[in-house]
Amino acid sequence: MICELAIKIDVDTLKGYIEGVPRLLDILGKKGIKASFFFSMGPDNSGKVIRRVFRRGFVAKMLRAKASGSNGFRSLLYGTLLKAPMIVASNPDILKRAADEGHDCGVRCWDCALWQDCLLELPREEIRAEFNRAAELFSGVVGTPPRSCAAPGWQVSRDSLAVQDEFDLDYSSDVRGVSPFIPTIDGVVFRTLQIPATLPTLDELLGTGGASAESVNDRYLDLLEPGLNVRSIHAEAEGGDMSGIFTRLLDCCVDGEMAFPTLGDVASRVSAASPKADLRADICGIEMSELPGRTGKVAVQRGGGR
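Quick notes on the rules
- Residues numbered from 1 in each chain as written.
- Predicted model: local features only at pLDDT ≥ 70, side-chain atom pairs only at ≥ 80, totals over all residues.
- Heavy atoms only, no water.
- Helix = DSSP H or I, 4+ residues; strand = E, 2+ residues; numbered from the N terminus.
- Polar contact = N/O pair within 3.5 Å; in protein donor to acceptor, adjacent residues only side chain to side chain.
- Contact = heavy atoms within 4.5 Å.
- pLDDT = per-residue confidence, 0-100.
- Core = buried A, V, L, I, M, F, W, Y, C linked by side-chain atoms within 4.5 Å.
- Buried < 20%, exposed > 50% of the residue type's maximum accessible area, 1.4 Å probe, protein only.
- Pairing = 2+ DSSP bridges.

Our next topic: the side chain of S160. Mapped onto the elements of the fold, S160 is located in helix α7 (residues 158-166). Polar contacts involving the side chain of S160 include one to the main-chain amide nitrogen of S157, which spans 2.9 Å. If sequence neighbours within four positions are ignored, S160 has contacts with W115, L119 and I127.

This is how it looks when you write it as structure tokens:
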């Protein structure tokens, strides 16, 4: 079984969109690699991150990730002292470029801060309205409706999964786990395929377990396994100050003759797979759990395996 690395790129801020996405497109283009981009389509309310300050470990995580440097000091005022700017509407051509260059593009949400911090409090009607606003803008820019999504902060609920089913998506990447699966919560089985991130994020590894900027790529290479690996990156980090580290990792993977499917490619393979195929989707539960290096709980695949 060959080793595959699918790259999932989350775009949550204006800085990440305006600066990080074009840089990542340049890096990927030079190496002939296609990735899966997920865009927060509406306002950049980065300043509302202050709502998480009392979560255990949040301040330490911010310091490890040097969030003020990755996102920019001005970003930390958006939605509080400064008006929240619109992300994709500020320059639709960046999203269009990603789609035109053949990358797998989908949506995150409309308002990333609202989804990540308040999802469990939102009624289904509001979740549907949020997703519909994102889908309408995406369709207006790209010319076709989004076929995939990736929830901010790996936050899901029964209502959010039900809304995804209403939009008849090809797949979602909302959770952490080990293999593609069909999700179930409290006995309800949903239709939309989940393709989880299998690897820790850069901010989870930096400063924990002895990982540093100089050694983190070695850590990632150690974590890669035969079969499908999915790494979630941030346009603000790997498309910003950490772009050199990310580029060097890609160089190692290209030299190792790894394959780089998009998550859309994976979804197509799963839908066409026979019951005995290596890449198939079992029905698995989702639970909210803590992960090393993260604050709060995130959606995690329960059961399943390679």
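This part covers the confidence of the model for the protein chain. Averaged over every residue, the pLDDT of the protein chain is 89; residues scoring 70 or more account for 85%. Predicted confidence for residues 50-55 stays below pLDDT 50, and this span has 13 contacts to residues more than four positions away or in other chains.

Another aspect to go through is the nonpolar core. By size, the foremost hydrophobic cluster in this structure holds 68 residues, and its most contacted members are I7, I9, F37 and F39. Sorting elements by how many residues they give to this core places helix α1 (residues 14-31) first, with 6 residues. Setting aside anything within four residues of it in sequence, one finds I9 in contact with L24, L28, A35, S36, F37, F38, I233 and A235.

This part is about the sheet that holds strand β10 (residues 298-302). Ordered in space as β7-β6-β9-β10, the 4 strands form an open sheet in which the pairing is mixed. Two strands in the sheet have a free side with no partner beyond their single neighbour: β7 (188-189) and β10. Where strand β9 (residues 282-289) meets β10, 5 bridges bridge the pair, whose relative direction is antiparallel. Considered in β10, the bridge of I286 is made with Q301.

On to the environment of S40. Tracing the backbone shows S40 in strand β2 (residues 36-40). Exposure remark for S40: the relative accessible area of 0% places this residue in the buried category. Separated by 30 residues in sequence, S40 and D10 have C-alpha atoms that sit 8.1 Å apart. Discounting residues that sit within four places of it in the chain, S40 has contacts with V11, D12, I87, V88, R108, C109, W110 and C112. A distance of 2.9 Å separates a polar atom in the side chain of S40 from a polar atom in the side chain of D12.

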